[in-house]
Amino acid sequence: MKKIALLLITGIIIGLTVILTRTGREMNFNKGYEPQQPINFSHKIHAGEREIKCLYCHFAAEKGRHAGIPPTEICMNCHAKIKKGSEEIDKLKDYIKKGKNIEWIKVHHFPDFAYFNHSQHVRVAKLDCQKCHGPVETMTRVKQQKTLNMGWCLDCHREKGIAPPNDHKSKAGGDCARCHY
Ligand code: HEC
Ligand code: HEC
Ligand code: HEC
Ligand code: HEC
Ligand code: HEC
């Protein structure tokens with residue numbers, strides 16, 4: 001009898017953990033998420049040591065909603081010439097030879113019911129990428145730094161004075177429709 005009860009409790013605990021973890025993911029609070037990529041692309045080498053500008057690769061961030069992941073052609077601007085052999089660069093060349101896209105694993109997940117636009121923040125508000133993504137130029141593998149939840153958005157909007165706590169109709173402050181429609 002005791003054994004069955006113990007199994008049952010263990011089952012319930014495991015079940016709850018799975019549900020809670022999945023809900024957490026689905027609610028996009030997966031701060032710290034750091035997936036392994038098909039090629040070990042390192043921001044530390046490219047954006048850090050080689051000082052390549054973020055916008056050189058994520059050029060769409062100034063133009064619209066998404067920052068975008070660079071197409072393989074951008075890699076070839078340099079890697080057509082950089083001959084130095086390594087397992088990871090061989091993988092890159094293999095993708096190119098086969099004309100295949102690299103299937104990068106998405107790090108940040110954002111719900112459909114909320115709206116976020118990069119150009120409003122990068123071009124208009126002139127915020128550094130690091131303000132929201134942390135010191136990416138030091139990362140060998142990208143890791144989500146912030147929760148990306150509503151409170152996080154509003155905290156900065158309040159700090160910047162575009163969301164006075166008592167004014168429900170101001171810019172992206174209390175006006176829900178700015179971020180939800
Ligand atoms: C040489 C091109 C290149 C440069 C320069 C570059 N990135 Fe990236 N970035 C990539 C590639 C490729 C990926 C997809 C693989 C990965 O996640 O590591 C990526 C992924 C990301 C992601 C995660 C996207 C997701 O899946 O959610 C963020 C955030 C990011 N970069 C920010 C930056 C910032 C900030 C800088 C400047 C400090 C920068 N990148 C510079 C190529 C680049
Ligand atoms: C005000 C905060 C903020 C700033 C500034 C910001 N980002 Fe983002 N970024 C986000 C949020 C929120 C997401 C998730 C929403 C999404 O997928 O668009 C995201 C997602 C991304 C992604 C993956 C999804 C996509 O949009 O392609 C990349 C790549 C990225 N950011 C790169 C950058 C780069 C490079 C810069 C600077 C040029 C930058 N971000 C500036 C908040 C920001
Ligand atoms: C502006 C030039 C430039 C661009 C664009 C660029 N790289 Fe690089 N990449 C370099 C340099 C320089 C190195 C360092 C090579 C060395 O150590 O001698 C490097 C190193 C690498 C390495 C590490 C090799 C190793 O194992 O030591 C990989 C993998 C790589 N790049 C993949 C990519 C991918 C994927 C893209 C496109 C998203 C890309 N690179 C875009 C210049 C570039
Ligand atoms: C680090 C600070 C910061 C963070 C974090 C931030 N924002 Fe903003 N946001 C700003 C600033 C500054 C502006 C004002 C740009 C301007 O001058 O119009 C802005 C503007 C906006 C606008 C346009 C407002 C308008 O009046 O049209 C929207 C929509 C928006 N943000 C949504 C979001 C969402 C959604 C998030 C969270 C996922 C977020 N922001 C996170 C700083 C931030
Ligand atoms: C600055 C942008 C922004 C504004 C303004 C905003 N929201 Fe949100 N909201 C978000 C983001 C991003 C999410 C998704 C992340 C999350 O669940 O916190 C969200 C999530 C939500 C959720 C789902 C929360 C949950 O726990 O599942 C509700 C409900 C919501 N918002 C209602 C509102 C209402 C009502 C207003 C107006 C008083 C409002 N929001 C204003 C950005 C915003």
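Preceding block: the structure.
Peer 1: I'd like to hear about the overall build of the chain, residue by residue, with values.
Peer 2: Within the chain, the secondary structure is distributed over eight helices and zero strands. N-terminal to C-terminal, the α/β element order of the chain is α-α-α-α-α-α-α-α. Residue burial in the chain is summarised as follows: out of 181 residues, 23% are buried. Here the chain displays about 13300 Å² of accessible surface, and carbon together with sulfur accounts for 61% of that area.

Peer 1: Help me get a handle on the coordination of the iron atom of ligand 4, residues and values and all.
Peer 2: Only H121 (NE2) and H157 (NE2) from the protein coordinate the iron atom of ligand 4, and they sit 2.0 Å from it. Classification of the site at the iron atom of ligand 4 as octahedral follows from its six donor atoms and the range of 86 to 179° in their angles at the metal. Of this pair, H121 sits in helix α6 (residues 118–124) while H157 sits in helix α8 (residues 150–159); the two residues are 36 residues apart in sequence, bridging distant segments of the chain. Exposure remark for H157: the relative accessible area of 11% places this residue in the buried category.

Peer 1: Give me the site of ligand 4: which residues, what numbers.
Peer 2: Surrounding ligand 4, one finds 19 residues, the nearest of these being H121, C153, C156, H157 and R178. A distance of 2.8 Å separates a nitrogen atom of ligand 4 from a polar atom in the side chain of H157. For the shell around ligand 4, the elements supplying multiple residues, two or more each, are α6 and α8. For the shell around ligand 4, the element with the highest residue contribution is α8, accounting for four residues.

Peer 1: Would you mind going over the nonpolar core in detail, with residue names and values included?
Peer 2: In a soluble, globular protein the nonpolar side chains are often hidden away together inside. Core analysis: the largest hydrophobic core is formed by five residues, namely I39, C75, L92, Y95 and I102. The residues contacting L92, other than those within four sequence positions of it, are I39, T72, C75, H79 and I102.

Peer 1: Quick one: what's the story with the coordination of the iron atom of ligand 1, residue by residue and with numbers?
Peer 2: Bound to the iron atom of ligand 1 are the protein donor atoms H43 (NE2) and H58 (NE2), situated 2.0 to 2.1 Å from the metal. Classification of the site at the iron atom of ligand 1 as octahedral follows from its six donor atoms and the range of 89 to 180° in their angles at the metal. Remark: H58 occurs in the loop between α3 (54–57) and α4 (72–79) and H43 occurs in helix α2 (residues 43–49); sequence separation between them is 15 residues.

Peer 1: Can you break down the environment of F116 residue by residue, with the values?
Peer 2: By secondary structure assignment, the location of F116 is in the loop between α5 (87–97) and α6. Each C-alpha atom, one on F116 and one on H180, is 9.5 Å from the other, the two residues being 64 residues apart in sequence. Residue contacts for F116: discarding those within four places in its chain leaves R65, F110 and H121.

Peer 1: I'd like a rundown of the site of ligand 1, residues and numbers included.
Peer 2: Around ligand 1 sit 22 residues in total, of which H43, C54, C57, H58 and H108 are the nearest. A distance of 2.9 Å is found between a nitrogen atom of ligand 1 and a side-chain nitrogen or oxygen belonging to H43. Put simply, the parts of the chain that give the shell around ligand 1 at least two residues each are α2, α3 and α7 (129–133). Element by element, the count of residues in the shell around ligand 1 is highest for α7, at three residues. Partitioned by chemical class, the residues of the shell around ligand 1 number 13 nonpolar, six polar and three charged.

The rules behind these values
Residues numbered from 1 in each chain as written. Chains lettered and ligands numbered in written order. Predicted model: local features only at pLDDT ≥ 70, side-chain atom pairs only at ≥ 80, totals over all residues. Heavy atoms only, no water. Helix = DSSP H or I, 4+ residues; strand = E, 2+ residues; numbered from the N terminus. Buried < 20%, exposed > 50% of the residue type's maximum accessible area, 1.4 Å probe, protein only. Areas by Shrake-Rupley, 256 points an atom, 1.4 Å probe, with all protein chains shown as cover. Donors = N, O, S within 2.8 Å, 3.2 Å for Na, K, Ca; no water. Tetrahedral: all angles 85-135°; square planar, octahedral: opposite > 155°, others 65-115°. Near = heavy atom within 4 Å. Polar contact = N/O pair within 3.5 Å; in protein donor to acceptor, adjacent residues only side chain to side chain. Core = buried A, V, L, I, M, F, W, Y, C linked by side-chain atoms within 4.5 Å. Contact = heavy atoms within 4.5 Å. Nonpolar A, V, L, I, M, F, W, Y, C, P; charged D, E, K, R; others polar.

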